[in-house]
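Architecture and fold: a report
Single-letter residue listing:
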Amino acid sequence: MSKRKAPSEESNPNHDFCEFLTELAEYEKNVTGHIHKYKVYRKAASVLAAHPTRITSGAEAKKLQGIGDKISKKIDEFLQTGKLQKLDNIHHDKESQAIQELTRVSGIGRAKAKKLYEEGISSIEELKKHTNQLTHHQIVGLKYVNDFEQKIPREEIEKIEKVLVKTIKNLDKEYDVTICGSYRRGKACSGDIDVLITHPHYKSDRIDKDKKSKTHNHILKEVVEALENCGLVTETLSLGDSKFMGACQLSADLPTRRLDIRFQPYDQYYCSILHFTGSDIFNQDMRAFALEQGFTLNEYTLRPLGSTGVPGEPVEICSEKDIFDSIGYPYKEPKDREG
Ligand code: 8DG
Ligand code: CA
Ligand code: CA
């Protein structure tokens, strides 16, 4: 996952609140590991980013869905003092700062960052002198730490999409290739490139059988090899049967970009597309709604929950809209799935 930026532009009337909420969210994810708090702060930031007028008090903010007592108090504190004591404390805490810096490297999570800090490594510069402590993924992440933090312009992803589709269809024209993530939501720039591929011959039951006979696990490798041969893929962070994490470079004058490719079974493709299109907050809301309607939705399937709470057979899905319709959730175009 790329580093989260505040979900609003400078022009947003609540931009400053979104900034501090996003910073608090990052802190909870990277330093404390309180993922629930991370989600709460991100949700609040996304709600405020979508609010058309300036919020002038915590009480006013609290009326919005997703903003509770604690966040409304922080908004009051920020309005009254122009800052947050909690963030000030975090900025002055050496360990927190070191962990935030080290987790900028792809492949370094908070546990690894803490371990490195305990061993006396507290910056990227120091880490460069201790690469023997790192996995292959982390070494590549370190090499491109600055490149991977640069946003990717939409026009560049459009060009990468052309190369991907051409190269993959050249292997077999029945492959289907979809770039998901923020790109599919129509964003002007993205943190990374999230690609899904499928093939009509590969259904989930077939893959389960193939797994036993080990016939399908060369497919993604073949795809990655073709993308290396055409010069697009330049690094592999990890490569399994269904997931490739790596990097690509469109031309030598451009930064190296993070690229993920997932090979998904044909019958699960739309649930995957929905999941990987996001946003993560949209997914969270839609899944909560599905549960209220007695369904469980994930990146593979939509399944009804029986009275005992045990998921039944997957609902047959032939389009993304089928998923919305099956649970009675109003359909939203990808561009409207921000928060
Ligand atoms: P960005 O890369 O431009 O920053 O934004 P993004 O494309 O929306 O985010 P992403 O981190 O690349 O994730 C792609 C989609 O995957 C996201 O929109 C929704 C889905 N997703 C979740 N939860 C999570 C999660 O915890 N980690 C990751 N990597 N993806 C997630 O719903
Ligand atoms: Ca991604
Ligand atoms: Ca992305």
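Residues numbered from 1 in each chain as written. Chains lettered and ligands numbered in written order. Predicted model: local features only at pLDDT ≥ 70, side-chain atom pairs only at ≥ 80, totals over all residues. Heavy atoms only, no water.

Helix and strand counts for the protein come out as 17 helices and nine strands. With the principal axes as the frame, the protein shows a C-alpha extent of 60 × 55 × 40 Å. Here the protein, with 339 residues, has 45% of them falling under the buried criterion. One finds the centroid of the 52 positive side-chain charges in the protein at a distance of 2 Å from the centroid of its 53 negative side-chain charges. (Helix = DSSP H or I, 4+ residues; strand = E, 2+ residues; numbered from the N terminus. Buried < 20%, exposed > 50% of the residue type's maximum accessible area, 1.4 Å probe, protein only. Lys, Arg positive; Asp, Glu negative; His and termini not counted. Charge placed at Lys NZ, Arg CZ, Asp CG, Glu CD.)

For the calcium ion (ligand 2), the full set of protein donor atoms is Asp192 (OD), Asp192 (OD) and Asp194 (OD), and the range of their distances to it is 2.2 to 3.1 Å. Distance-wise, the calcium ion (ligand 3) is placed 3.7 Å from the calcium ion (ligand 2), both being coordinated by aspartate 192. Overall, the relative accessible area of 12% leaves aspartate 192 in the buried class. For aspartate 194, a relative accessible area of 16% translates into the label buried. (Donors = N, O, S within 2.8 Å, 3.2 Å for Na, K, Ca; no water.)

Looking now at the nonpolar core. Nonpolar side chains in soluble globular proteins generally cluster together in the buried interior. With 37 residues, the main nonpolar core has Phe20, Leu21, Leu48, Ile67, Ile75 and Leu127 as its most contacted residues. At the level of secondary structure, the elements contributing two or more residues to this core comprise helix H1 (15-32), helix H2 (35-49), helix H4 (69-81), helix H5 (85-91), helix H6 (94-102), helix H7 (110-118) and helix H8 (124-127). For this core, the element with the most residues is H1, which contributes eight residues. Both domain 1 (1-92) and domain 2 (95-149) contribute no fewer than three residues apiece to this core. Contact partners of leucine 21, with chain neighbours within four places excluded, come to Tyr41, Ala44, Ala45, Leu48 and Ile71. (Core = buried A, V, L, I, M, F, W, Y, C linked by side-chain atoms within 4.5 Å. Domains from an automatic or database assignment. Contact = heavy atoms within 4.5 Å.)

Let's shift gears to helix H16 (residues 280-292). Across its 13 residues, H16 extends 19 Å between first and last C-alpha, which sits within 8% of the 18 Å expected from 1.5 Å per residue. For H16, the set of buried residues is Ile281, Phe282, Asn283, Met286 and Ala290. Looking at the packing, one finds that the buried side of H16 touches H2, helix H15 (269-277), strand S8 (295-297) and helix H17 (320-327). One or two residues past the end of H16 sits glycine 294, with phi positive at roughly 85°. (Expected span 1.5 Å × (residues − 1).)

In this section: the domain arrangement of the protein. Each assigned domain of the protein is listed with its residue range as follows: domain 1 (1-92), domain 2 (95-149), domain 3 (152-264) and domain 4 (278-336). The C-alpha centroid of domain 4 is placed 28 Å from the C-alpha centroid of domain 1. At the junction of the two partners, domain 1 supplies six residues and domain 4 supplies four residues. The interface formed by domain 1 and domain 4 holds two salt bridges in total. One salt bridge in this structure joins aspartate 280 and arginine 42, with 2.5 Å as the shortest N-O distance. The interface formed by domain 1 and domain 4 holds two residue pairs in polar contact (both at pLDDT 80 or more) in total. Per-class residue counts for the side of domain 1 that touches domain 4 are one nonpolar, one polar and four charged. (Salt bridge = Lys/Arg side-chain N within 4 Å of Asp/Glu carboxyl O. Polar contact = N/O pair within 3.5 Å; in protein donor to acceptor, adjacent residues only side chain to side chain. Nonpolar A, V, L, I, M, F, W, Y, C, P; charged D, E, K, R; others polar.)

Along strand S6 (residues 243-248), five of the six residues are buried, which leaves the element largely enclosed by surrounding structure. Here five bridges tie strand S5 (residues 233-239) to S6, and the two strands are oriented antiparallel to one another. Counterpart to leucine 239 in the pairing with S6 is phenylalanine 244. Between S5 and the antiparallel strand that follows it, S6, lie three residues. Where S6 meets strand S7 (residues 257-263), six bridges bridge the pair, whose relative direction is antiparallel. Across the sheet, residue phenylalanine 244 finds its bridge partner in S7, namely isoleucine 261. (Pairing = 2+ DSSP bridges.)

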